[in-house]
Amino acid sequence: MPLPNDEAQSSADALSALSVLPGSALTSTALTERYKSALLGVFGTPQRVLVRGSGSHVWDADGRQYLDLLGGIAVNTLGHAHPLLSSVITSQLATLGHVSNFFTSPAQITLAEQLLKISGAPGGSKVFFTNSGTEANEAALKLSRRNRGTADKPRTKVIALENAFHGRSLGALSLTWKQAYREPFEPLPGNVQWIPAGDIDALRAAVDETVQAVFIEPIQGEAGVRELDVDYLRAARAITHEAGALLIFDEVQTGMGRTGQYFASAPIVPDVMTLAKGLGGGFPIGAMITFGHQTSDLLNPGDHGTTFGGNPVATAAALATIHVIDKDNLLTHVADTGQWLTEQLRAISGITAVRGRGLLVAFDLEKPIAAQLVSAALDAGFIVNTTGPHTVRLAPPLIITREQLATFIAKLPALIGQGLMTYKEN
Ligand SMILES: *Cc1c(COP(=O)(O)O)cnc(C)c1O
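Chemist: Which residues make up a nonpolar patch on the surface, and what values do they have?
Modeler: Together, Leu-15, Leu-18 and Val-20 make up an exposed nonpolar region whose accessible area comes to about 260 Å². For Leu-15, a relative accessible area of 37% corresponds to the partly exposed category.

Right under this line is the structure:
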């Protein structure tokens, strides 16, 4: 079928001509086979082929509906197909879609200003835009290298925490804890030392005048939503300050309202913060914020760059996301709803621990049946995810309602039962 070139043609006609319109003769089974022969196998076989979303729901190619309790892994803060987000993205694209970083745009400047404002950044603070969390951490690692000390007292190493996840590019991977991710790709940029998370004495012992930076996720998401308490973050602030090391908070998963405040690390102010996932409400964008003159001056013209980072459409999407978070009082909604969700989960038998803040929540199961539960939940119309054999993670859209969550809570005991049954059969 030829592509429509007539302006009168609707966008649905265009999608249809591109063979990506939902509801055509594309079944899940056929599409999954095509996926397997065309896409690199790093993600395994996809669980479903999704064709449409609205609010907190998505639909697959066979017309089945799911309540999305994962939100694209803490990304779809405003749910799916949010009308304001869609219209801002569409308008910006129709007005000015991309310019190189030889130029700027009002959306880019305004978003940088807003991020500095909501993060309480002092004068001299700056923003660098990226397309992902990995790239934001990559920028932060490059910036750390510039905190090099002096010729007779060089700073040579970076500290990260056990169970940390900072991304998969060689630089970001070099900070990531899981050996299975790192080892097959060595050599990686070196001199990273991991210390136990949450242990102030270990931090004090490790951070001296040879350290360039300390990377911390305020809540370790991929590790199963493991929160570092504010006293630890405060101690990290004092210890890094004393030693002249940069304190870098990776808020890629925890930032932008996910925990019921804009940033999980507040009120502790780092030297660098990285953001991505929820920032664009589903549109790809990341950011690195550098706090204060001294840190911001570590990277100078020519030191770093990106083609797509900070483009008009992505920055407009983030502006729309922040606008809706404020207008709809989503931070309060997330805090209240998260509190309620946590209490509900704690009351369910077979669940041994519930962790998290706001709408970033994980629960541990008595038996290692997380994978079985994820699969049973999917069959029952709920998208959840596991971070380990015992652990299920929830990171739904920030707009999800208590009533929607209650449908999952009501079903959960039965799903755990089903998970247990499959577990015992195998
Ligand atoms: C997801 C994640 C990243 C990587 O972000 P991408 O956008 O996937 O590149 C980095 N750090 C944390 C804490 C994350 O959760």
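There's plenty left to go through after this.
Chemist: If you had to explain the site of the ligand to someone new, which residues and values would you point to?
Modeler: Around the ligand lies a shell formed by Ser-132, Gly-133, Thr-134, Asn-137, Phe-165, His-166, Glu-217, Asp-250, Val-252, Gln-253 and Lys-277. Between the ligand and the protein, one listed contact pairs an oxygen atom with a side-chain N or O atom of Thr-134 at 2.5 Å. Between the ligand and Lys-277 there is a distance of 2.6 Å, counted from an oxygen atom to a side-chain nitrogen or oxygen. Notes on the ligand: free accessible area 380 Å², of which the protein chains cover 82%. If you tally residues by element for the shell around the ligand, the top one is helix H6 (residues 133-145), at three residues. A breakdown of the residues in the shell around the ligand according to their chemical character gives two nonpolar, six polar and three charged.

Chemist: Tell me about helix H5 (residues 106-118), residues and numbers included.
Modeler: Working note: α-helix, 3.6 residues per turn, so residues spaced by three or four point in the same direction. The terminal C-alpha atoms of H5 lie 18 Å apart, and with 13 residues this matches the ideal 18 Å at 1.5 Å per residue to within 8%. Of all the positions in H5, only Ala-107, Gln-108, Leu-111, Ala-112 and Leu-115 are classed as buried. Projected onto a plane normal to the axis of H5, the buried residues spread over an arc of 130 degrees and lie on a single side. In H5, the exposed residues that point more than 90 degrees away from the buried face are Pro-106 and Lys-117. On its buried side, H5 packs onto helix H4 (83-95), strand S4 (126-130), strand S11 (272-275), strand S12 (286-290) and helix H12 (312-327).

Chemist: Talk me through the environment of Ile-216; I want residue IDs and the actual numbers.
Modeler: Topologically, Ile-216 is positioned in strand S7 (residues 211-216). In contact with Ile-216, other than residues within four places in its own chain, are Leu-161, Leu-228, Tyr-232, Leu-233, Ala-236, Leu-247, Ile-248, Phe-249 and Asp-250.

Chemist: Please provide a residue-by-residue account of the nonpolar core, values included.
Modeler: Ranked by internal contacts, the top residues of the largest apolar core, which has 61 residues, are Leu-115, Leu-345 and Leu-412. If you tally residues by element for this core, the top one is H12, at ten residues. Of the residues that make up this core, three or more belong to each of domain 1 (47-76 + 329-425) and domain 2 (86-327). Here Leu-115 is in contact with Val-127, Phe-129, Met-256, Leu-275, Leu-279, Ala-287, Ile-289 and Ile-322, once residues within four sequence places are set aside. In terms of nonpolar packing, the next biggest core, distinct from the first, is built from 21 residues, Leu-161, Ala-202, Ala-206 and Ala-235 among them.

Chemist: Which residues make up the packing of helix H14 (residues 370-379) against helix H15 (residues 402-425), and what are the values?
Modeler: The contact between H14 and H15 brings their axes to 8 Å, and the two run at 125 degrees. Taken together, the axis directions place H14 and H15 in an arrangement best described as oblique. For the pair H14 and H15, the crossing hand works out as right-handed. Where H14 approaches H15, its residues Gln-372, Leu-373, Ala-376 and Ala-377 are matched on the opposing element by Leu-412, Leu-415, Ile-416, Gln-418, Gly-419, Thr-422 and Tyr-423. Among the residues forming the contact of H14 with H15, the class breakdown is seven nonpolar, four polar and no charged.

Chemist: Tell me about the sheet that holds strand S15 (residues 382-383), residues and numbers included.
Modeler: One open sheet holds the four strands; their spatial order is S1-S2-S3-S15, and the pairing between them is mixed. Either end of the sheet is taken by a strand with one partner, and the two such strands are strand S1 (50-54) and S15. Alignment of strand S3 (residues 65-68) against S15, held across two bridges, turns out to be parallel. Paired with Leu-67 across the bridge in S15 is Phe-382.

Chemist: Tell me about the packing of aromatic side chains, residues and numbers included.
Modeler: Enumeration according to the criterion identifies four aromatic pairs in this entry. On the numbers, 6.2 Å between centres and 70 degrees between planes, the contact of Trp-177 with Trp-194 is edge-to-face. In this pair, Trp-177 sits in the loop between helix H7 (170-175) and helix H8 (179-182) while Trp-194 sits in strand S6 (residues 192-195), placing the two residues 17 residues apart along the sequence. A cation over an aromatic ring shows up here: Arg-52 above the ring of Trp-59, its NZ or CZ 4.1 Å from the ring centre. Across the ring face of Tyr-181, the terminal group of Arg-168 is positioned such that the distance to the ring centre comes to 3.8 Å.

Chemist: Could you give an account of the side chain of Ser-56, with specific residues and numbers?
Modeler: Here Ser-56 is to be found in the loop between S1 and strand S2 (57-60). Apart from the residues lying within four places of it in its own chain, the contact partners of Ser-56 are Tyr-66, Leu-67, Asp-68, Pro-397, Ile-399, Ile-400 and Gln-404.

Chemist: Please set out the pattern of salt bridges residue by residue, giving values where relevant.
Modeler: In a structure, side chains of opposite charge can pair up when their charged atoms sit close to one another. Applying the stated criterion to the full structure yields 14 salt bridges. When the shortest N-O distance is used, the salt bridge between Arg-48 and Asp-60 registers 3.9 Å. Of this pair, Arg-48 sits in the loop between helix H2 (28-38) and S1 while Asp-60 sits in strand S2, and the two are twelve residues apart along the sequence. Note that Asp-379 is salt-bridged to Arg-48, the shortest N-O span being 3.0 Å. In this pair, Asp-379 sits in helix H14 while Arg-48 sits in the loop between H2 and S1, placing the two residues 331 residues apart along the sequence.

Chemist: I'd like a rundown of the sheet that holds S11, residues and numbers included.
Modeler: Pairing is mixed across the open sheet formed by seven strands, whose spatial order is S4-S12-S11-S10-S7-S5-S6. Because the sheet does not close on itself, it has two edges, and the strands there are S4 and S6. Across the sheet, the mean angle from the axis of one strand to that of its neighbour is 20 degrees, orientation sign disregarded. Of the strand pairs in this sheet, S7 and strand S10 (residues 246-250) are connected by four bridges, and their pairing is parallel.

Chemist: Mind laying out the domain arrangement of the protein, listing which residues take part and the relevant values?
Modeler: Structurally, the protein comprises domain 1 (47-76 + 329-425) and domain 2 (86-327). Centre-to-centre, using C-alpha coordinates, domain 1 lies 27 Å away from domain 2. Tallying the contact residues gives 23 residues for domain 1 and 25 residues for domain 2. For the pairing of domain 1 and domain 2, the buried interface totals around 2,100 Å² over both sides, and the portion due to carbon and sulfur atoms is 53%. Considering only the side of domain 1, the residues that lose the most area to domain 2 are Leu-331, Arg-357 and Leu-360, jointly responsible for 34% of the buried surface there.

So, how was this worked out
- Residues numbered from 1 in each chain as written.
- Predicted model: local features only at pLDDT ≥ 70, side-chain atom pairs only at ≥ 80, totals over all residues.
- Heavy atoms only, no water.
- Patch = residues over 30% accessible without salt bridge, like charges linked within 9 Å, V, L, I, M, F, W, Y side chains within 5 Å.
- Areas by Shrake-Rupley, 256 points an atom, 1.4 Å probe, with all protein chains shown as cover.
- Salt bridge = Lys/Arg side-chain N within 4 Å of Asp/Glu carboxyl O.
- Buried < 20%, exposed > 50% of the residue type's maximum accessible area, 1.4 Å probe, protein only.
- Near = heavy atom within 4 Å.
- Polar contact = N/O pair within 3.5 Å; in protein donor to acceptor, adjacent residues only side chain to side chain.
- Helix = DSSP H or I, 4+ residues; strand = E, 2+ residues; numbered from the N terminus.
- Nonpolar A, V, L, I, M, F, W, Y, C, P; charged D, E, K, R; others polar.
- Expected span 1.5 Å × (residues − 1).
- Arc of directions from axis to C-beta.
- Contact = heavy atoms within 4.5 Å.
- Core = buried A, V, L, I, M, F, W, Y, C linked by side-chain atoms within 4.5 Å.
- Domains from an automatic or database assignment.
- Axes fitted to C-alpha atoms, helices over the stretch in contact; angles between N-to-C directions.
- Parallel < 35°, antiparallel > 145°, perpendicular 65-115°, else oblique.
- Left-handed = near helix turned anticlockwise from the far one by under 90°.
- Pairing = 2+ DSSP bridges.
- Phe/Tyr/Trp six-rings, centres within 6.5 Å; stacked < 30°, edge-to-face > 60°.
- Lys NZ or Arg CZ within 6 Å of the ring centre and 35° of its normal.
- Buried area = accessible area lost by both parts, 1.4 Å probe.

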